[in-house]
Amino acid sequence: MKAARWSIPLAIFLVLLAFLWVGLGRDPREVPSPLIGKPAPAFSLPRLHEPAATLSNADLKGKVWLLNVWASWCVSCRTEHPVLMQLAASKRVPVYGLDYKDRPDAGRAWLAQNGNPYAASIVDLDGRVGIDYGVYGVPETFVIDKEGVVRYKQIGPLSEEAVQKTILPLVQELEK
Amino acid sequence: MTRSSLRVAHAVLLCSVAIAASAAKMDAPATDAALEARMKKLEGELRCLVCQNQTLADSNAELAGDLRREVRALAATGKSDDEIKAYLVARYGDFVLYNPPVKSTTWLLWGGPFALLVGGALLWVTIISRRERSVVTAPRDADAQARARARLEATDDTP
Amino acid sequence: MIPELGHFALILALLVALVQGTLPLVGAAANSPRLMAMARPAARAQAVLVAFAFGCLAWSFVSNDFSVQNVAANSNSELPLQYRVAATWGSHEGSLLLWTLMLGGWSFAVSLFSRNLPLPLVARVLSVMGLISVGFLLFLLFTSNPFERLVPPAVEGNDLNPLLQDPGMVFHPPLLYMGYVGFSVAFAFALAALLGGRLDATWARWSRPWTTVAWSFLTIGIALGSGWAYYTLGWGGWWFWDPVENASFMPWLTGTALIHSLAVTEKRGAFRSWTVLLAILAFSLSLLGTFLVRSGVLTSVHAFATDPARGVFILAFLAVVIGGSLALFAWRAASVGLGAAFGVVSRESTLLGNNILLVVAMASVLLGTLYPLFLDALNLGKISVGPPYFDAVFYPLMAPAAFLMGVGPVARWSAAPLPELWTRLKWALGVALAGALILPLVLGRWSPLIAFGLFLALWIFASTAANLRQRLASTPRRGLLARLGANSPSYYGMLLAHLGVGVFVVGVTLVKGYEVERDVRLDVGDSVAVGNYDFRFLGVTPAPGPNYRALVGTVEVRKGAQLVETLKPEKRIYNASGQAMTIAAIDTGLRGDVYVSLGEPVGAGGSDDIAGAWSVRVYLKPFIDWIWGGALLMALGGFVAVSDRRYRLAVRRRATAFDAAAAPGAAD
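Residues numbered from 1 in each chain as written. Chains lettered and ligands numbered in written order. Predicted model: local features only at pLDDT ≥ 70, side-chain atom pairs only at ≥ 80, totals over all residues. Heavy atoms only, no water.

Student: Hey, could you run me through the pattern of salt bridges in this one?
Tutor: Pairs can form between side chains of opposite charge once their charged atoms are near each other. Enumeration over the complete set of coordinates arrives at 41 salt bridges over all chains. Residue D376(C) pairs with K382(C) through a salt bridge whose shortest N-O separation is 3.3 Å. In this structure, D376(C) and K382(C) share a single accessibility class: buried. A cluster of three or more residues bridged by salt bridges with shared partners is formed by K101(A), D126(A), R128(A), E62(B), D66(B), R69(B) and E70(B). (Salt bridge = Lys/Arg side-chain N within 4 Å of Asp/Glu carboxyl O. Buried < 20%, exposed > 50% of the residue type's maximum accessible area, 1.4 Å probe, protein only.)

Student: Hey, could you run me through the packing of helix 3 (residues 39-62) of chain C against helix 7 (residues 119-143) of chain C in this one?
Tutor: Axes are the key here: two packed helices are described by the angle between their axes and the distance separating the axes. Residue and element names in this part refer to chain C. Orientation of helix 3 relative to helix 7, taken along the N-to-C sense of each, is 30°, at an axis distance of 9 Å. The orientation of helix 3 with respect to helix 7, classified from their angle, is roughly parallel. Note that helix 3 runs across helix 7; the crossing there is left-handed. Note on element contacts: helix 7 touches helix 3 through L119, V122, A123, L126, S133 and L137, opposite A39, R40, A43, Q46 and V50. The class makeup of the residues in the contact of helix 3 with helix 7 is 8 nonpolar, 2 polar and 1 charged. (Axes fitted to C-alpha atoms, helices over the stretch in contact; angles between N-to-C directions. Helix = DSSP H or I, 4+ residues; strand = E, 2+ residues; numbered from the N terminus. Parallel < 35°, antiparallel > 145°, perpendicular 65-115°, else oblique. Left-handed = near helix turned anticlockwise from the far one by under 90°. Contact = heavy atoms within 4.5 Å. Nonpolar A, V, L, I, M, F, W, Y, C, P; charged D, E, K, R; others polar.)

Student: Mind showing me how you'd approach the sheet that holds strand 8 (residues 585-587) of chain C here?
Tutor: Backbone-to-backbone hydrogen bonds join strands into a sheet, with any given pair of strands oriented parallel or antiparallel. All names here are of chain C. Strand order in the open sheet made by the 4 strands is 1-10-9-8, with antiparallel pairing throughout. The two strands at the open ends of the sheet, each matched to only one other strand, are strand 1 (516-522) and strand 8. Pairs of neighbouring strands in the sheet enclose a mean axial angle of 20°, with direction left out of account. Across 3 bridges, strand 8 lies against strand 9 (residues 592-601) in antiparallel orientation. (Pairing = 2+ DSSP bridges.)

Student: Is there a simple way to explain empty space enclosed by the protein in this structure?
Tutor: Space left empty within the atom packing is revealed by a probe, the size of a water molecule, rolled over the atoms. Per the counting criterion, the structure on display carries 5 cavities of 30 Å³ or more. Computed from the structure, the largest cavity encloses a volume of approximately 330 Å³. Along the walls of the largest cavity sit 28 residues, with R47(B), P243(C), L298(C), T299(C) and P372(C) positioned nearest its centre. Looking at the lining of the largest cavity, the elements with two or more residues in it are helix 10 (243-268), helix 13 (347-377) and helix 14 (387-407) of chain C. No other element matches the 6 residues that helix 13 of chain C contributes to the lining of the largest cavity. For the lining of the largest cavity, the per-class residue count stands at 15 nonpolar, 8 polar and 5 charged. (1 Å grid on protein atoms, 1.4 Å probe; cavity = no way out; pocket = protein on both sides within 12 Å on 5 of 7 lines; lining within 4 Å. Points joined across faces, edges and corners; volume = space filled by probe spheres on them.)

Student: How do you make sense of the interface of chain A and chain B when you look at a structure like this?
Tutor: Each partner contributes residues to the interface: chain A has 27 residues there, and chain B has 21 residues. The three residues of chain A that bury the most area against chain B are R29(A), I131(A) and Y136(A), which together make up 31% of that side's buried surface. Linking chain A with chain B are 4 salt bridges, by the criterion used here. K101(A) is the partner of D66(B) in a salt bridge, and the nearest nitrogen-oxygen pair spans 2.5 Å. Linking chain A with chain B are 8 residue pairs in polar contact (both at pLDDT 80 or more), by the criterion used here. The leading source of residues in the side of chain A that touches chain B is helix 5 (residues 128-132) of chain A, at 4 residues. (Buried area = accessible area lost by both parts, 1.4 Å probe. Polar contact = N/O pair within 3.5 Å; in protein donor to acceptor, adjacent residues only side chain to side chain.)

Student: Please clarify how the sheet that holds strand 4 (residues 95-100) of chain A should be interpreted in this entry.
Tutor: All names here are of chain A. Spatially, the 5 strands line up as an open sheet ordered 5-4-3-6-7, and their pairing is mixed. Across the chains shown, the open sheet's two edge strands, defined by having one partner strand only, are strand 5 (120-124) and strand 7 (150-155). Pairwise comparison of adjacent strand axes, ignoring direction, gives a mean angle of 20° for this sheet. Sheet topology note: the strand 3 (residues 65-70)/strand 4 ladder contains 5 bridges and is parallel. Within strand 4, the residue paired with L67 across the bridge is Y96. Running over the sheet, helix 3 (residues 77-90) touches strand 3, strand 4 and strand 6 (140-144) and is turned about 155° from strand 3.

Below is the structure:
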């Protein structure tokens, strides 16, 4: 019994060690979204290719869709663009683009140059809709279900793996 | 480089430039000095999502500027500090608060230091009372005590 | 060629460290003088080899050898010489080499200044330090080689981050590491005592100077870091509870507890196993800090570029070193025995209180720093723990400690009668209370927090003065100088260090209580009144620098009609990286700082209109330099205390007499 209390520091350390070990596999910079399971924030924004027309989230009720936050000034967006193009070509799930804090003509030019995977893109000039969606780093992608509830948020560029292993299975699940 | 490390490197670069440039972009200060002071204090308790080691008040990141604008717009419509914080937490989660909220997951955090202090106080009392018993049971020989006292006085009393 | 020589020297150093870390330990266990005698030469050889390797890396930087990857990534040929040298430790690899250099240096010092120590103890101490060196050298050679070549060599380097091109970078890391690494000596002494089974007052006397010197260096290192952040980062802050700041502060808190605990062990033979635990803890926290900064588990401005392999390696190293030493503690501490008895009110009990408060504070800082990681690891979400939490938790814990600081030195060992304490301290208490009530009114505004802070500071000053007065009065000597001479350097060291704490508390209280910050838009010729001062902006002119282009602003500071100072804040663009930096202009004074920095051009012509209006930030920071002044006084106190003769004489005779006189270890 006497020996027990001398071992307390060691015991505390071992617990700490376990946490640090798990911590090594986590990304402290990643901010998870509090919107998962909540209705997607409402928006009604001008379309990128038809500035006079608007698109709102109400228009998209009834189907499962992806909201991809992008911009012509965003470097990482280029790495995910081929994945988006492939996804668009597969016609598996519609992808709508949120052109975040971008000049519309720059956005249009970028899509013209690199290809347009979006069913439609909308322009968020001052970033307010981005803030509503908790965007803190471009690109980010949301999966939204038929009732307009946010089901998943991908932080950072989409990878082929993320699409195949996480997003498409989720979309399939939500379409039932 | 992996995708996430590219993103981290990008953020780090952005923020080190931002820090170097420092003295956060001067937004037009509120006309009311008291409101300005309240905003500064509130922004000092909020975390920048991009330059995650700076407060919203100090960060030069563009999103920080946008969020400051939002915070001030909300304050202008009469929202309280708590309501403004709730607005941001609804969008970004508890991560955005530098003052962690008191909820079930943070009881240990907020209660911990106090519990440690109480534990420490108990430890202090326990050690003292055990020692005191030993002092009391020390030799009652007056002569020995006098000699001991003399030695104590003579011994270097420095720290 | 030279980088390869440096690399080779590191490999040799590893081999020597392996010898240093094993043979003397075996020798101490087997009582073989021959094996034990290997400790000193091995430690010295290892230190020299690491120093040589460090020199090779520094030479590569100074001579702009961009074929070395580290140099290409962190330096530039236009970089001034002192920053080329500082860039040696500006990266993960380089700073790790600096760590190892410091470790070698401390080992060398121990091998030199240990003539009056028994050989088995020296052997064990140097061996433990050798094993730590092995860990760091393995880490360097396998995951963080500073001598990696870049093929083909770069034509020009990427430049040192402009934030680091500052005298702070030249001094802060080396001094900080002197402290950080210096705790390894106390650690080694603790392990040596556990291994040897002998832990007495003499062991404490041997450990004390090493620990105090390391603590003093750490104090200076932390103060420098804080001061550097203050004048370089542009928002007038001096402590942010950033994870890396906490990583240096936790060993400091533990080290402070340790030097006080060592006092009790040396003087009274008490707190032995507790002192050993603190020694293990202090260095363990240094290592933990190294892990936190380099593994990527926490975000921090200071964090080096991270790599999972490195994180795993350091974690494994932590497990071995900390786990091993705590296991040794669990096994052997019980047999170390506990010391003399003491009463409820006595110097021992106040020092126990001091220790407990410091350790609780350290644990609270640790809790706050790691809590986000805990929750994330348990999938309970992501939170942030920042200054509001740490301020709320830390200051209330330190307030009683500050109060005890006045009582402890005045209290007698073993039993301090309360009436005596009251007699000695009542005047000090009165002065502190009066000052706390009156001073804030004089300074401009009374608030409970300001009054409380001033009360603590004045209490420390007054009780220290009362202590000195009583000591001078009680000596039989005549004449002030003679009376002063009757006290030892360790006494004056204590006084200085405690005064330093008081000065520090004044600085923190008054800055937090009375600081003023204003952001204003100023056209050329405009003025703004802040506090008692008038600030007149006279525009911005371009000026070239050694490796940057600067825009220098001119701001005239007036008090009433009199021109007090002309401040010249700058905005610099560094040539190599294109990065911008704000250089604040600060008028430093004993009563406070006036701090001005440039924001952005906000004139009609937009962001390129440098001749138009600018946004300017003005700070008034009363008594802020007392914060760092206090810290420097603390460190000075430490150095003065260590100069005490008793640490240098081979006090064998007094030692045995004292050990015999110490009360027989009472069962606990």
